[in-house]
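Spelled out, the chains give:
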Amino acid sequence: MATNSKRKKYVYLFGSNRADGDGSMKPLLGGKGANLAEMTRIGLPVPPGFTITTEVCTYYYQNKKTYPKELEAQVRNGVAFVEEILGKKFGDLQKPLLVSVRSGARDSMPGMMDTILNLGLNDKTVLALAAYSNNDRFAWDCYRRFIQMYGDVVMGVQKRAQEDHDPFETVIHGLKHERYSADIEDTKLNMGDLKEVVVRFKSLIKERTGN
């Protein structure tokens, strides 16, 4: 019996004068993905990245929330492509690669699309970012924002029916009043404050999700 040896393509690369897709592929790549590919094709300076196709979303919901077996290797190849162009490594303790994860769709859905910035930060790489940027406060502010976005979008730590405010905002509001007796601007928080926010955000996620 004949078999189809051709692997299904779920990841489309773009950047550094290479684009696997183009602007006509909106149904497959979503609006963002198709436009990024097209901009790369016409020579605009697009940061390197890759698009996971809309077919993966369809597969996920049709197969008990699982992913195609080919996907992981293709995503790893996409990360390696970005690493090579930028000269950084994901998880590296010298020059860590940080990734923005942005959702897209076949059709425009204002207000429905989620974003996670600075994927790649953790307790070790935040120290590398601080050293690389020569700005400790910047690094820890990025880290606490990442934990909040990841906790919300991926872990599902969101406002409950009986709560008036976002739980992460409640945590940071409590720290401000505990340490400054006022609802100060986020920019007034020092590095020690931001490190404590990271600890409390993690505790919130663990309390709500067990992870």
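Look up: the structure comes first, before these words.
Here's what I pulled together on the structure shown here.

Scoring rules and cut-offs
- Residues numbered from 1 in each chain as written.
- Predicted model: local features only at pLDDT ≥ 70, side-chain atom pairs only at ≥ 80, totals over all residues.
- Heavy atoms only, no water.
- Helix = DSSP H or I, 4+ residues; strand = E, 2+ residues; numbered from the N terminus.
- Buried < 20%, exposed > 50% of the residue type's maximum accessible area, 1.4 Å probe, protein only.
- Contact = heavy atoms within 4.5 Å.
- Areas by Shrake-Rupley, 256 points an atom, 1.4 Å probe, with all protein chains shown as cover.
- Lys, Arg positive; Asp, Glu negative; His and termini not counted.
- Charge placed at Lys NZ, Arg CZ, Asp CG, Glu CD.
- Pairing = 2+ DSSP bridges.
- Axes fitted to C-alpha atoms, helices over the stretch in contact; angles between N-to-C directions.
- Salt bridge = Lys/Arg side-chain N within 4 Å of Asp/Glu carboxyl O.
- Patch = residues over 30% accessible without salt bridge, like charges linked within 9 Å, V, L, I, M, F, W, Y side chains within 5 Å.
- Core = buried A, V, L, I, M, F, W, Y, C linked by side-chain atoms within 4.5 Å.

**Looking at the overall build of the protein**
For the protein, the count of helices and strands is seven helices and five strands. For the protein, the succession of helices and strands along the chain, N to C, is β-β-α-β-α-α-β-β-α-α-α-α. Among the 211 residues that make up the protein, the fraction classed as buried is 33%. Of all intrachain contacts in the protein linking residues separated by at least 6 positions in sequence, the fraction that spans at least 24 positions is 53%. Of the roughly 13300 Å² of accessible surface on the protein, a fraction of 51% belongs to carbon and sulfur atoms. Computing the positive centroid from 31 side-chain charges and the negative centroid from 26, the protein places the two 5 Å apart.

**Overview of the environment of Ile42**
Structurally, the position occupied by Ile42 is in the loop between α1 (26-41) and β3 (49-52). Assessed through its relative accessible area of 59%, Ile42 is described here as exposed.

**Re the sheet that holds β3**
Pairing in this open sheet of three strands is antiparallel, and the strands run β2-β1-β3 from one edge to the other. Edge strands, defined here as strands with exactly one partner in the open sheet, are β2 (18-19) and β3. Bridge analysis of strand β1 (residues 11-15) against β2 gives two bridges, and the strand direction is antiparallel. Note on β2: the bridge partner recorded for Phe14 is Ala19. This element, α1, spans β1, β2 and β3 of the sheet and lies at about 35° to β1.

**A look at unusual backbone geometry**
Of note in the backbone geometry, Lys64 takes a positive phi value of approximately 55° without being a glycine. Take Lys64: its relative accessible area is 80%, and that puts it in the exposed class. At Asn134, a position not held by glycine, the phi torsion is positive, near 55°. Positionally, Asn134 belongs in the loop between α4 (125-133) and α5 (136-153).

**Some points on the pattern of salt bridges**
In total, this model carries 15 salt bridges according to the counting rule given. A salt bridge links Glu83 to Lys89, with the shortest nitrogen-to-oxygen separation between them at 3.5 Å. Relative accessible area serves as the criterion here: at 11%, Glu83 is assigned to the buried category. Using a relative accessible area of 48% as the deciding quantity, one classes Lys89 as partly exposed. The shortest N-O distance in the salt bridge between Arg145 and Asp141 comes to 3.2 Å. Remark: Asp141 and Arg145 occur in helix α5; sequence separation between them is four residues, near one turn of the helix. Given a relative accessible area of 39%, Arg145 falls into the partly exposed group. Salt bridges sharing common partners tie together Asp141, Arg144, Arg145, Lys176 and Asp186.

**Focus on a nonpolar patch on the surface**
On the surface, Met39, Ile42 and Leu44 cluster together to form a nonpolar patch covering roughly 270 Å² of accessible area. In this fold, Met39 is placed in helix α1.

**Points about the nonpolar core**
Counting residues in hydrophobic clusters, the biggest one holds 24 residues, and the most contacted among them are Leu121, Tyr143 and Ile147. The set of elements that each furnish at least two residues to this core consists of α4, α5, α6 (167-180) and α7 (191-209). Among all residues touching Ile147, those that are not within four sequence positions of it are Phe168, Val198, Phe201, Lys202 and Ile205. Of all hydrophobic cores here, the second largest spans eight residues; its members include Tyr10, Val56, Phe81 and Val82.

Nothing here speaks to function; it is all geometry.
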